[in-house]
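Topology and contacts: notes
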Amino acid sequence: MQGKKKIFPLETFWEGTVSPSLSMTSCRRCYRGDSPTDSQKDMIEIPLPPWQERTDESIETKRARLLYESRKRGMLENCILLSLFAKEHLQHMTEKQLNLYDRLINEPSNDWDIYYWATEAKPAPEIFENEVMTLLRDFAKNKNKEQRLRAPDLEYLFEKPH
């Protein structure tokens, strides 16, 4: 999650606004005191650079980067969910799907947002409602009742594709 500062505030907000001229979503993350009557005078805004699609990398490099970024998250739940998802789906994704996945895992400033969207605890912003989010939500349901207690071993990286 390049260019993003990691802090763990008591409350985090993800606010998506689409700029018509840039077609990008800007993110804003804020810390707010834990009192419901808080005046919010102590709010700290941390600006984040907008996500930009990487057009200069090969599809193999993109898959390798996304695999790494799926395994190395800010929270264990997403490390497990996204690394297992990546193991199952990255090799079969089209370039368009890889770009959608890249945006999904790298644009939001808070890993909890991604987790809540994938598990349908909260609705995802419209910009992330796409075929990759559908795949991720379906994967998160774990219909086969697989044991998912840790990220996959790295041995599968050296297996030949089927």
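Residues numbered from 1 in each chain as written. Predicted model: local features only at pLDDT ≥ 70, side-chain atom pairs only at ≥ 80, totals over all residues. Heavy atoms only, no water.

Heads up, the rule is: UniProt positions are given in the numbering used here, feature names are shortened, and annotations may be inferred rather than shown by experiment.
As annotated in an unreviewed UniProt entry, the chain carries the name Succinate dehydrogenase assembly factor 2, mitochondrial and is attributed to Bos taurus. Checking UniProt for the chain, the heading Subunit (unreviewed entry) contains the comment "Interacts with SDHA within the SDH catalytic dimer." Quoted verbatim from the Sequence similarities (unreviewed entry) heading of the UniProt record, the comment on the chain is "Belongs to the SDHAF2 family."

**Quick notes on the overall build of the chain**
For clarity, the threshold we go by: Counting from the N terminus, the helices are the DSSP runs of H or I reaching at least four residues and the strands are the DSSP runs of E reaching at least two. A simple rule labels every residue: compare its accessible area, found with a 1.4 Å probe on the protein chains alone, to the largest value its type can have, and call it buried under 20%, exposed over 50%, or partly exposed in between. Contacts: residue pairs with any heavy atoms within 4.5 Å of one another. In these tables, accessible area is a Shrake-Rupley quantity obtained with a 1.4 Å probe, and a residue counts as shielded only by the protein chains included in the view.
Regarding its fold elements, the chain presents 5 helices and 4 strands. In sequence order, the chain lays out its α and β elements as β-β-β-β-α-α-α-α-α. A buried classification covers 39% of the 162 residues belonging to the chain. Contacts spanning at least 24 positions in sequence make up 58% of the contacts within the chain whose residues lie at least 6 apart. For the chain, the computed accessible surface area is about 10300 Å², with 52% contributed by carbon and sulfur atoms.

**Some remarks on the nonpolar core**
Applied cut-off: Residue types Ala, Val, Leu, Ile, Met, Phe, Trp, Tyr and Cys, when buried and joined through side-chain atoms within 4.5 Å, form a set referred to as a nonpolar core.
Within the largest apolar cluster, 23 residues are counted, with the highest numbers of intra-cluster contacts made by Leu90, Met93, Tyr101, Leu104, Trp117 and Leu136. Taken together, the elements giving at least two residues each to this core come down to helix H1 (59–71), helix H2 (76–89), helix H3 (95–106), helix H4 (111–118) and helix H5 (131–140). Broken down by element, this core gets its largest block of residues, 6 residues, from H2.

**Let's talk about the packing of H1 against H2**
When two helices pack together, their arrangement is given by the angle between the helix axes and by the axis-to-axis distance. Threshold: To obtain an axis, a line is fitted to C-alpha atoms, over the contacting stretch when the element is a helix, and the angle between two such axes runs from 0 to 180 degrees between their N-to-C directions. Roughly parallel refers to an angle under 35 degrees, roughly antiparallel to one over 145, roughly perpendicular to one between 65 and 115, and oblique to any angle outside these ranges. Each residue is assigned to one class: nonpolar for Ala, Val, Leu, Ile, Met, Phe, Trp, Tyr, Cys and Pro, charged for Asp, Glu, Lys and Arg, and polar for all the others, Gly among them.
Running from amino to carboxyl end, H1 crosses H2 at an angle of 150 degrees, the nearest separation of the two axes being 7 Å. Classified by the angle between their axes, H1 and H2 sit roughly antiparallel to one another. Across the interface between the two elements, Leu67, Ser70 and Arg71 from H1 touch Asn78, Cys79, Leu82, Ser83 and Ala86 from H2. Among the residues making up the contact of H1 with H2, the classes are represented as 4 nonpolar, 3 polar and 1 charged.

**Quick look at the packing of H2 against H4**
Defined as follows: Crossing handedness is defined as follows: a turn of the near helix away from the far one that is anticlockwise and smaller than a right angle gives a left-handed crossing, while the clockwise case is right-handed.
Direction vectors running N to C along H2 and H4 enclose 55 degrees, while the axes themselves pass 10 Å from each other. Here H2 lies oblique to H4, going by the angle between them. H4 is crossed by H2, and the crossing has left-handed handedness. Taking contact as the criterion, the partners of Glu77, Asn78, Leu81 and Leu82 in H2 are, on H4, Asp111, Trp112, Ile114, Tyr115 and Ala118. Here the residues of the contact of H2 with H4 are counted per class, giving 6 nonpolar, 1 polar and 2 charged.

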